[in-house]
Amino acid sequence: MIRIATAGFLHESNTFSSIPASLDLWERSGVLEGDAIRKEYASSQSTLAGFLALEQEDPQVQVVPLVFSRLTPMGAITEEAIEYLMQRVVDAIRDNGPWDGILLPQHGAAVSIPFLDADGELLRRVRALVGPTVPIGMALDMHGNVSPEMVVPADVVTVYQTNPHIDARAQALLCGRLLVRTIRGEIRPRMALATPPLVVNILNQGTNDKPMSDLLAVADAQGKRPGVLSVSVVEGYPYADVPEMGMSFIAVTDNDQSLADDVAQTLARAAWDLRDALNQGGTPIDGALRQADAAPAGPVVLFDVGDNVGGGSPGDSTHILQAARRLGVRNLLQALCDPQVVMQCQAAGIGGRITASVGGKSDHLHGVPFPIEATVTALSDGRYEETGPTHGGFRFFNDGASAALRTDDGYTLVLTSRAAGSSSLQQFRTLGIEPLNMKIIVAKGVHSPRPAMEPIARQMIWVASPGVTTADLSTFTYQHRRVPLYPLEPETVWP
Ligand SMILES: [Zn+2]
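Residues numbered from 1 in each chain as written. Predicted model: local features only at pLDDT ≥ 70, side-chain atom pairs only at ≥ 80, totals over all residues. Heavy atoms only, no water.

J.: Could you clarify how one ought to interpret the coordination of the zinc ion in this entry?
T.: Metal coordination angles in their ideal form are 109.5 degrees for the four-donor tetrahedron and 90 or 180 degrees for the six-donor octahedron. On the protein side, the zinc ion has D141 (OD), D141 (OD), H143 (ND1) and H165 (NE2) as donor atoms, found 2.0 to 2.7 Å from it. Given four donor atoms and angles of 52 to 151° at the metal, the environment of the zinc ion is assigned as irregular. All donors of the zinc ion come from a single chain, and their spacing in sequence reads D-x1-H-x21-H. This pair shows no difference in class: D141 is buried, exactly as H143 is. (Donors = N, O, S within 2.8 Å, 3.2 Å for Na, K, Ca; no water. Tetrahedral: all angles 85-135°; square planar, octahedral: opposite > 155°, others 65-115°. Buried < 20%, exposed > 50% of the residue type's maximum accessible area, 1.4 Å probe, protein only.)

Below you can see the structure in the form of structure tokens.
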């Protein structure tokens with residue numbers, strides 16, 4: 001019997017966010033153990049589902065889920081929280097060992113105080129604990145900023161290769177299979193990491209769209225070379241101010257370091273040649289609203305890039321709403337985080353009237369509160385389930401206590417108590433709103449809403465809205481990133 005432990009924590013840390021990922025928030029989000037992890041994730045399409053699926057395809061393999069937590073993207077993880085999370089993982093692995101292998105379900109863009117590379121630090125501690133001979137596999141999100149510390153101490157690293165992320169389970173299963181073959185002595189993985197001085201604009205990260213689809217085709221071809229076990233294009237996460245911020249490439253081969261180096265470098269070169277196409281901007285707010293309003297039929301989906309909840313934004317931006325009112329554009333649906341006004345709606349009850357100002361309360365970057373007079377049309381606990389494809393493969397959602405409102409001037413709003421992206425139409429339907437009947441839907445996100453929105457959208461427009469996830473990286477002041485990086489330093493050369 002092969003016994004493999006899986007334990008970890010998942011966080012994409014937006015270091016420009018003013019909301020720290022505190023221990024209190026992690027605990028409220030839930031630190032799961034053992035069977036609770038199976039219950040939450042085994043039936044999903046997430047990384048853990050892929051690790052756990054190893055058992056079904058191989059009766060000689062046992063995967064033991066020990067401890068796992070994930071928290072919505074927000075600011076860096078506090079020192080108290082990171083020590084707690086890492087200690088839980090390390091203690092659980094130590095107390096339940098020995099192990100034949102370890103699988104870490106990490107993100108790759110976790111930043112903490114004081115570890116700018118929190119995923120690398122966890123890997124370092126786990127390696128120190130289990131010693132040099134126990135194989136370790138790690139499956140990462142495609143938005144990881146990959147450092148050598150995330151690769152060198154591991155035996156196998158795989159990365160989602162779709163954005164929106166619908167292959168988390170598949171890539172984790174690949175990681176697990178390679179780990180099992182390593183444990184059995186069938187392969188000897190060798191890895192290479194290439195990190196060209198290149199950032200990809202968040203708007204150009206869709207893997208079904210050019211130019212990213214072209215790059216993935218190159219990766220596919222490289223993956224077919226004899227001896228190559230896995231090839232990963234890692235898009236990177238530009239909202240984490242860390243030295244390894246940017247695009248990267250990982251190749252895993254069977255005992256052939258020079259082949260791994262060549263595959264990773266070939267991909268890096270292909271990306272560098274596409275650097276202009278990988279850095280195109282979005283549509284300004286007013287232009288996007290006019291275009292949507294003029295469309296013969298809806299829904300037209302406007303992606304609120306600056307308030308991308310999945311990227312660490314607060315989910316309460318009112319920039320698009322304010323512009324819509326100014327331009328007289330109506331029949332617009334959007335969700336906004338505003339726990340105070342949700343309570344006001346609960347007090348008014350369904351059918352009740354409220355006068356309030358919604359959203360725009362988290363900070364100055366995401367607009368000012370939007371005054372409304374409205375009727376409460378529905379209330380809920382904010383929980384819903386999506387059985388269709390979702391970004392990251394998640395199935396169960398919890399937006400916190402929620403309310404639906406119809407404003408007197410024609411806006412349909414869903415108010416949530418937690419920052420909520422737009423990953424599922426159930427967010428609206430459980431509150432009695434049919435998104436198909438809307439002319440315009442504002443989706444909080446860039447790629448994560450696509451599996452939900454693409455099937456119903458007549459048009460999709462990515463809006464260059466301000467916020468901590470703006471597509472315009474020149475508005476950020478970085479302290480830790482590498483210099484130079486294209487396109488932040490447009491003259492960057494890569495010899
Ligand atoms: Zn991601």
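Okay, back to it.
J.: What exactly am I supposed to notice about the packing of aromatic side chains here?
T.: Where two aromatic rings form a pair, the distance of their centres and the angle of their planes describe that pair. Enumeration over the complete set of coordinates arrives at 12 aromatic pairs. With a centroid separation of 6.4 Å and 90° between ring planes, the pair formed by F9 and W26 is classed as edge-to-face. Of this pair, F9 sits in strand β1 (residues 2-10) while W26 sits in helix α1 (residues 23-29), placing them 17 residues apart in sequence. Note on accessibility: F9 and W26 belong to one class, buried. Between W272 and Y486 the ring centres are 6.1 Å apart and the planes differ by 70°, which places this aromatic pair in the edge-to-face class. Residue W272 is located in helix α8 (residues 257-273), and its partner Y486 is located in the segment after β19 (459-463); the two are separated by 214 residues in the primary sequence. Take W272 and Y486: they sit in the same class, and that class is buried. Aromatic ring contacts, followed pair by pair, group F16, Y237, Y239, F476 and Y478 into a single cluster. The side chain of R3 reaches across the aromatic face of W99, ending 4.2 Å from its centre. Over the face of the ring belonging to F394 we find R70, whose NZ or CZ atom lies 3.7 Å from the ring centre. (Phe/Tyr/Trp six-rings, centres within 6.5 Å; stacked < 30°, edge-to-face > 60°. Helix = DSSP H or I, 4+ residues; strand = E, 2+ residues; numbered from the N terminus. Lys NZ or Arg CZ within 6 Å of the ring centre and 35° of its normal.)

Everything listed here is a matter of coordinates, which is why it stays silent on function.
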